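Residue-level structural notes
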Amino acid sequence: PFDGLLGFSQGAALAAMVCALRARGDPRFPVAFAVLVAAFASRAPAHGHFYRQPIALPTLHVVGDTDAVIAAPLSRELAQCFVEPVVLTHPGGHFIPAAAAQKKAYLEFLERFCPGQGQ
C-alpha cells in the first residue's frame, strides 16, 4: 500500500513504466502519483508499448539542466508522454535538488494527494 512512487535515474525509468501500467488499470500498482527525477524513456524495443498512449497519472518530473548522465532533453521527452505533467527544472546536474525552491515545488505537488485535500 503505497501512495506514490519516487524514482531516480534508472529507477525513474522503471517507475515511468509502472505509471503506464497503473494508468491502464493494472491492479498490481495502486499508486496515485509519481515523482520522477532524471528520468528517461527506455529505448529497449520491448518497452515501446509503455509510451504509445498518453499516461494519465499525475507526475512531477525533476530535470537538471546540466545533467551529464541523463541529458535534460531525454527527461523532457519522457514528460511529454504523460497527461499534464508538472516539470521542475533546476540548474544542477544528476542529483535530487533540495534547495528551498525545489522543496516548495515538491510540497505543492504532494499536497494534492494529502487526505482532506480533495483526493
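Under an unreviewed UniProt entry, the name given to the protein chain is Esterase OVCA2, and the organism recorded is Urocynchramus pylzowi. The Sequence similarities (unreviewed entry) field of the UniProt record for the protein chain holds the comment "Belongs to the LovG family." A UniProt comment under Catalytic activity (unreviewed entry) is attached to the protein chain, and it reads "a carboxylic ester + H2O = an alcohol + a carboxylate + H(+)".

Moving on, we get to the overall build of the protein chain. Broken down by element type, the protein chain carries three helices and four strands. Secondary structure elements of the protein chain occur, N-terminal to C-terminal, as β-α-β-β-α-β-α. For 119 residues, the compact-globule formula gives about 14 Å, and the C-alpha radius of gyration of the protein chain, at 14 Å, lands near that figure. Expressed as a percentage of its 119 residues, the buried residues of the protein chain come to 43%. Here the analysis covers contacts within the protein chain between residues at least 6 apart in sequence; of these, 79% occur between residues at least 24 apart.

What follows is about helix H3 (residues 100–111). Compared with an ideal rise of 1.5 Å per residue, which puts 12 residues at 16 Å, H3 spans 16 Å between its outermost C-alpha atoms and is within 8% of the ideal. All of the buried residues in H3 are Gln102, Ala105, Tyr106 and Phe109. One side of H3 carries all its buried residues, which in axial view fall inside an arc of 100°. Facing away from the buried surface of H3 by more than 90 degrees, the exposed residues are Ala100, Lys104 and Leu107. Looking at the buried positions of H3, the neighbouring elements they touch are strand E2 (33–37), strand E3 (59–64) and strand E4 (86–90).

In an α-helix, one turn spans 3.6 residues; hence positions three or four apart end up facing the same way. Considered for burial, the residues of helix H2 (residues 72–79) that qualify are Ala72, Ser75, Leu78 and Ala79. All buried residues of H2 project into a common sector of 125° when viewed along the axis, lining one side. Each element contacted by the buried residues of H2 is listed here: helix H1 (10–23), E2, E3 and E4.

So, about the packing of aromatic side chains. Within the structure shown, the criterion is met by four aromatic pairs. When the ring of Phe33 is compared with that of Phe109, the centres are 5.9 Å apart and the planes differ by 80°; the resulting orientation is edge-to-face. Remark: Phe109 occurs in helix H3 and Phe33 occurs in strand E2; sequence separation between them is 76 residues. One exposure class covers both Phe33 and Phe109, and it is buried. Note on Phe50 and Tyr51: the rings are 6.4 Å apart at their centroids and 65° apart in plane angle, and the pair reads as edge-to-face.

About the thresholds
Residues numbered from 1 in each chain as written. Predicted model: local features only at pLDDT ≥ 70, side-chain atom pairs only at ≥ 80, totals over all residues. Heavy atoms only, no water. UniProt positions renumbered as here; feature names shortened; annotations may be inferred. Helix = DSSP H or I, 4+ residues; strand = E, 2+ residues; numbered from the N terminus. Rg over C-alpha atoms; globule rule 2.2 N^0.38 Å. Buried < 20%, exposed > 50% of the residue type's maximum accessible area, 1.4 Å probe, protein only. Contact = heavy atoms within 4.5 Å. Expected span 1.5 Å × (residues − 1). Arc of directions from axis to C-beta. Phe/Tyr/Trp six-rings, centres within 6.5 Å; stacked < 30°, edge-to-face > 60°.

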